[in-house]
Amino acid sequence: MVCLDSILHQVTRPARYTGNEWNSVVKDWVKTRIKVALIYPDLYEIGMSTMAVPILYELLNARDDILAERVYAPWPDMEAQMRANDVPLFSLESRHPLKDFDIVGFSLGYELTYTNVLNMLDLAQIPVFASERDDSHPLIIAGGCCVLNPEPMADFIDLFVMGEGEEVLLELAESFRTWKGEGARKEELLHQLATIPGIYVPSLYQVEYQADGLVKSITPTVSQASDCIQRRIMTELPRPVTRPVVPYIEVVHDRGAIEIQRGCSRGCRFCQAGMIYRPVRERTQSEVLQSVEELIANCGYNEVSLVSLSTGDYPDIEELVANLFQRHPSLILSLPSLRIDGFSVGLLDLLASHKRTGLTFAPEAGSERLRRVINKNITEDELLRVAAAVFDRGWTNLKLYFMLGLPTETDDDVEGIIRLVDEVCSLGRKAKGRRPQLRISLSNYVPKSHTPFQWMAQVSEAEITAKHEILIQGIRRRGIKLSWQDSKVSLLEAILSRGDRRLGKVIYRAWQLGSTFDAWDEYFDYTRWLNAFAEAGLEPGFYAHRERSLDELLPWSHIDVGVSSDFLKREYQRAVEGKGTPDCRLESCNACGLEKKHPVCQQRHSLH
Ligand code: SF4
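Every chain's residues receive numbers from 1 upward, in the order its sequence appears when written. Local features are withheld for residues below a pLDDT of 70 in this predicted model, meaning they are given only at 70 or higher, and side-chain atom pairs are given and counted only at 80 or more; totals for whole chains, interfaces and linings count all residues. The side-chain values count all of the structure's non-hydrogen atoms but skip hydrogen atoms and water molecules.

1. What to know about the overall build of the protein chain
And step 1. Runs of E in the DSSP output that reach at least two residues are strands. Runs of H or I that reach at least four are helices, and both are numbered from the N terminus. The helix and strand tally for the protein chain stands at 21 helices and 19 strands.
And step 2. Throughout, the radius of gyration refers to the C-alpha atoms, and the reference size of a globule is 2.2 Å times the residue count to the power 0.38. Expected size for 608 residues packed as a compact globule is a radius of gyration near 25 Å; at 24 Å, the protein chain falls within 12% of this value.
And step 3. Projected onto its principal axes, the C-alpha positions of the protein chain cover 70 × 60 × 55 Å.
And step 4. Partly exposed describes any residue whose relative accessible area lies between the buried limit of under 20% and the exposed limit of over 50%, with all areas from a 1.4 Å probe on protein chains only and scaled to the type maximum. By the burial criterion, 59% of the 608 residues in the protein chain qualify as buried.
And step 5. Any two residues whose heavy atoms approach within 4.5 Å are treated as being in contact. Across the protein chain, the fraction of contacts at a sequence separation of at least 24, relative to all contacts at a separation of at least 6, is 77%.

2. A closer look at the nonpolar core
And step 1. Nine residue types can take part in a nonpolar core, namely buried Ala, Val, Leu, Ile, Met, Phe, Trp, Tyr and Cys, and a core is a set of them joined through side-chain atoms within 4.5 Å. Ranked by internal contacts, the top residues of the largest apolar core, which has 139 residues, are Met 78, Leu 98, Phe 106, Leu 139, Met 153, Leu 159 and Leu 172.
And step 2. With residues near it in sequence (within four places) discarded, Met 78 still touches Leu 4, Ile 7, Leu 8, Val 11, Tyr 17 and Phe 90.
And step 3. By size, the runner-up hydrophobic cluster in this structure holds 61 residues, among which are Phe 325, Leu 398, Leu 400 and Leu 404.

3. Notes on helix 5 (residues 114-123)
And step 1. The element helix 5 is extensively covered by neighbouring structure, given that nine of its 10 residues are classed as buried.
And step 2. Turning to helix 5, its buried residues number three or more, namely Tyr 114, Thr 115, Asn 116, Val 117, Leu 118, Asn 119, Met 120, Leu 121 and Leu 123.
And step 3. Where helix 5 ends, the next residue or the one after it, Gln 125, has phi of about 65 degrees, a positive value.

4. Section: the pattern of salt bridges
Any two side chains of opposite charge can pair if their charged atoms end up close together.
And step 1. Any carboxyl oxygen of Asp or Glu within 4 Å of a side-chain nitrogen of Lys or Arg constitutes a salt bridge here. Per the stated rule, a full pass over the model turns up 45 salt bridges.
And step 2. In this structure, Glu 79 engages Arg 83 in a salt bridge whose closest nitrogen and oxygen atoms are separated by 2.9 Å. One end of the pair, Glu 79, and the other, Arg 83, are both in helix 4 (residues 76-84), four residues apart, so they sit about a helical turn from each other.
And step 3. Since its relative accessible area comes to 13%, Glu 79 is described here as buried.
And step 4. The partner of Arg 269 in a salt bridge is Glu 571, and the shortest N-O contact between them spans 2.9 Å. Of this pair, Arg 269 sits in the loop between strand 11 (261-262) and helix 8 (272-276) while Glu 571 sits in helix 20 (residues 565-576), and the two are 302 residues apart along the sequence.
And step 5. Residue classification places Arg 269 among the buried residues on the basis of a relative accessible area of 0%.
And step 6. Connected through shared salt-bridge partners, Glu 164, Glu 166, Glu 259, Arg 262, Arg 281, Arg 283 and Glu 287 make up one network.

5. With respect to helix 18 (residues 526-536)
And step 1. Where helix 18 is concerned, the buried positions are Tyr 526, Trp 529, Ala 532, Phe 533 and Ala 536. The buried residues of helix 18 all sit within an arc of 115 degrees when viewed along its axis, so they share a single face. Every exposed residue of helix 18 that faces more than 90 degrees away from the buried side is listed here: Ala 534 and Glu 535.
And step 2. Packing partners of the buried residues in helix 18 comprise helix 5, helix 16 (487-497), helix 17 (503-512) and helix 19 (540-544).
And step 3. Among the residues trailing helix 18, Gly 537 stands out with phi positive, at a value near 70 degrees. In this description, one arc is meant: the one made by directions from the helix axis to the C-beta atoms.

6. Regarding the sheet that holds strand 18 (residues 480-484)
The pairing of strands in a sheet happens through backbone hydrogen bonds and is either parallel or antiparallel.
And step 1. Strand pairing is assigned whenever DSSP detects at least two bridges linking the two strands. Across the sheet, four strands lie side by side as 15-16-17-18; this open sheet has parallel pairing. With partners counted over all chains shown, the strands left at the sheet margins are strand 15 (359-364) and strand 18, one partner each. Direction aside, neighbouring strands of the sheet carry axes that sit 20 degrees apart on average.
And step 2. Sheet analysis places strand 15 next to strand 16 (residues 397-404), joined by four bridges and oriented parallel. Looking at strand 16, one finds that Leu 359 is bridged to Leu 398.
And step 3. Docked against the sheet, helix 13 (residues 380-392) engages strand 15, strand 16 and strand 17 (437-444), running at close to 165 degrees with respect to strand 15. The axes are straight lines fitted to the C-alpha atoms, using for helices just the contacting stretch, and the angles between their N-to-C directions are given from 0 to 180°.

7. Regarding the environment of Ser 565
And step 1. Position of Ser 565 among the secondary structure elements: in helix 20.
And step 2. Judged by its relative accessible area of 39%, Ser 565 is partly exposed.
And step 3. It is 9.1 Å that separates the C-alpha atoms of Ser 565 and Thr 451, two residues lying 114 residues apart in sequence.

8. Topic: empty space enclosed by the protein
And step 1. As defined here, a cavity is a set of points on a 1 Å grid over the protein atoms alone where a 1.4 Å probe fits but cannot get out. A pocket is an open set with protein on both sides within 12 Å along at least five of seven lines, and residues line them when an atom is within 4 Å of a point. Grid points are joined across faces, edges and corners, and a volume is the space filled by probe spheres set on the points. By the definition in use, this model includes eight cavities of 30 Å³ or more.
And step 2. The computed volume of the largest cavity comes to approximately 130 Å³.
And step 3. Lining the largest cavity are 14 residues, with Arg 278, Cys 584, Cys 589, Cys 592 and Cys 601 positioned closest to its centre.
And step 4. Ten residues, namely Ala, Val, Leu, Ile, Met, Phe, Trp, Tyr, Cys and Pro, are considered nonpolar, four, namely Asp, Glu, Lys and Arg, are considered charged, and the remaining ones, Gly among them, are considered polar. A breakdown of the residues in the lining of the largest cavity according to their chemical character gives nine nonpolar, two polar and three charged.

9. Looking at the sheet that holds strand 1 (residues 34-40)
And step 1. The sheet built from six strands is open, its strands ordered 2-1-3-4-5-6 with mixed pairing. The open sheet terminates on both sides in strands that have one partner only, identified here as strand 2 (66-72) and strand 6 (199-200).
And step 2. Across two bridges, the pairing between strand 4 (residues 139-143) and strand 5 (residues 159-161) is parallel. Bridging from a neighbouring strand, Ala 142 pairs with Phe 160 of strand 5.
And step 3. Of the strands in this sheet, strand 1, strand 2, strand 3 (103-107) and strand 4 touch helix 5, which is tilted by about 155 degrees from strand 3.

10. Let's talk about the pairing of strand 7 (residues 205-209)
And step 1. Where strand 7 and strand 8 (residues 215-220) come together, five bridges link them in antiparallel fashion. Bridge pairing links Tyr 209 to Val 215 in strand 8.
And step 2. The hairpin formed by strand 7 and strand 8 contains five residues between the paired strands, and Gly 213 there has a positive phi angle of roughly 95 degrees.

11. Some words on the layout of surface pockets
And step 1. Roughly 400 Å³ of internal volume is contained in the second largest pocket.
And step 2. Surrounding the second largest pocket, 19 residues form its lining, Ala 130, Ser 131, Asp 158, Leu 190 and Ser 203 being those nearest its centre.
And step 3. Here the lining of the second largest pocket is composed, by residue class, of seven nonpolar, three polar and nine charged.

12. As for unusual backbone geometry
And step 1. For the bond running from Arg 278 to Pro 279, omega is -10 degrees, close enough to zero to count as cis.
And step 2. Take Pro 279: it is sitting in the loop between helix 8 and strand 12 (281-282).
And step 3. The phi torsion at Asn 20 lies on the positive side, around 65 degrees, for a residue other than glycine.
And step 4. With respect to the element layout, Asn 20 can be found in the loop between helix 1 (5-8) and strand 1.
And step 5. Unusually for a residue other than glycine, Thr 408 sits at a positive phi of about 75 degrees.
And step 6. Tracing the backbone shows Thr 408 in the loop between strand 16 and helix 14 (411-430).
And step 7. On the basis of relative accessible area, Thr 408 is assigned to the partly exposed category, the value being 40%.

Written as structure tokens, this is what we have:
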């Protein structure tokens with residue numbers, strides 16, 4: 001067990017590293033057979049605000065023979081102290097070094113945390129390359145949305161869990177227990193684990209490239225590895241987390257969270273989550289009510305977030321919110337991901353009658369034409385109607401979220417954002433003489449794998465800068481706060497999210513040159529990445545700015561997320577033609593590929 005007394009007083013916010021928080025689970029280290037470390041590779045305050053680690057933490061700790069403990073990335077001041085004092089990376093619960101665990105699992109939700117993965121392995125005194133680890137090292141696994149293109153991290157991870165990890169992890173633990181009892185080699189374990197649906201062992205596949213740099217083939221090298229790895233999808237949602245660890249210091253989302261539904265059927269073409277978490281599965285209202293009850297009792301929260309990709313689409317959301325307020329009159333409810341279409345004035349009235357949180361809407365694009373291209377079919381009238389209703393009910397703060405660099409975007413679409421913001425602003429001024437406080441948030445579009453735009457090029461940095469200029473000139477005025485994202489950050493995200501296995505060399509070199517916490521402005525340094533690319537003989541533009549042909553073998557083509565390539569191509573074509581595709585929950589099934597694979601879809605498909 002690691003002793004921290006000599007270093008904790010020398011670092012900022014030491015409570016990030018002390019553990020022992022309310023609801024944390026400390027099991028008997030010696031008596032528990034399988035020890036799992038669950039890692040979110042970013043700062044404690046970020047990691048404690050995400051959903052994946054708490055779900056797996058509760059699930060694994062419910063088993064008598066498994067213990068699960070948390071690990072987050074130490075901030076650079078702590079890292080410096082740990083290295084200077086030879087303190088290896090340790091878990092929060094028992095403070096055991098990471099290298100003493102059986103399984104170390106990373107949750108990868110953002111590509112710009114990749115160098116932190118390498119840094120954490122190194123800080124744990126575990127070799128970063130899978131090929132350099134032996135039977136004495138823990139099994140290093142990873143899951144999360146990023147791993148649906150696992151190739152850039154293939155050199156560092158022993159196996160990836162594709163899709164919903166709740167069932168897979170228990171199956172993996174079962175095989176691990178048997179293997180541990182037999183004392184066999186790790187190679188045999190990996191062969192065995194490769195047979196579990198949803199598990200991808202990258203070292204069991206050979207990737208070949210053509211002379212022009214495109215992927216030529218991805219071939220399993222042993223019989224246990226299948227040609228195609230299918231994402232695991234649970235038929236029913238697991239029990240919600242109602243006893244999460246409550247941090248002692250303020251974190252990004254300082255509130256309870258209940259996942260009310262998983263998946264989204266709206267079909268926005270830019271949205272990877274909307275494609276890879278299909279189909280939609282809802283919790284019953286009574287289960288949500290019961291879970292919120294337990295969450296408040298177990299954690300003492302007075303604010304709860306109803307989490308979903310599209311919370312307003314939850315059936316009878318108004319009734320649910322009314323019931324929650326009736327049972328907990330002082331509850332602050334946060335409803336993230338509200339859509340403008342489908343947003344009801346009744347829901348707004350309910351929210352207005354209690355303590356309010358800020359409202360955020362995402363029109364995404366400045367014109368109806370471009371919104372049809374991305375299949376976010378919101379009309380300007382709908383947007384203005386909702387904005388007027390929001391201001392009329394006393395809200396003065398409103399956040400609008402737009403993306404720049406969407407496929408087919410023109411300067412007129414960008415100027416459409418200015419026109420829209422002007423109209424929303426004047427609606428706010430009209431509402432009982434209040435001065436509206438608008439916050440306009442701009443992000444740069446990053447084409448993602450497994451979406452209809454996976455073949456498209458990301459626009460160049462120069463084009464993004466020109467778009468920023470148009471908006472800075474047109475929008476900055478009193479009461480309107482404009483924020484935008486560094487184009488180099490989104491460029492790196494675009495490279496890593498659609499990269500191939502050769503990028504492992506670049507990630508490794510960028511980390512060696514000092515890259516960690518790339519998602520943080522104060523630590524992001526694109527020059528290091530350019531140097532790493534140059535040394536690896538690779539070209540960033542090949543990954544970010546290249547339009548792919550529809551028949552190219554993509555680096556993630558051996559990963560089947562459920563949505564078929566034919567569906568993505570159809571959607572790509574409809575985008576080019578500016579045609580929308582209706583929501584499959586409201587109209588007919590669009591046969592996206594899941595219609596034969598999942599009971600929810602089989603039912604919906606047969607209805608039409
Ligand atoms: S198979 Fe049909 S119902 Fe299921 S997610 Fe796809 S389009 Fe929707």
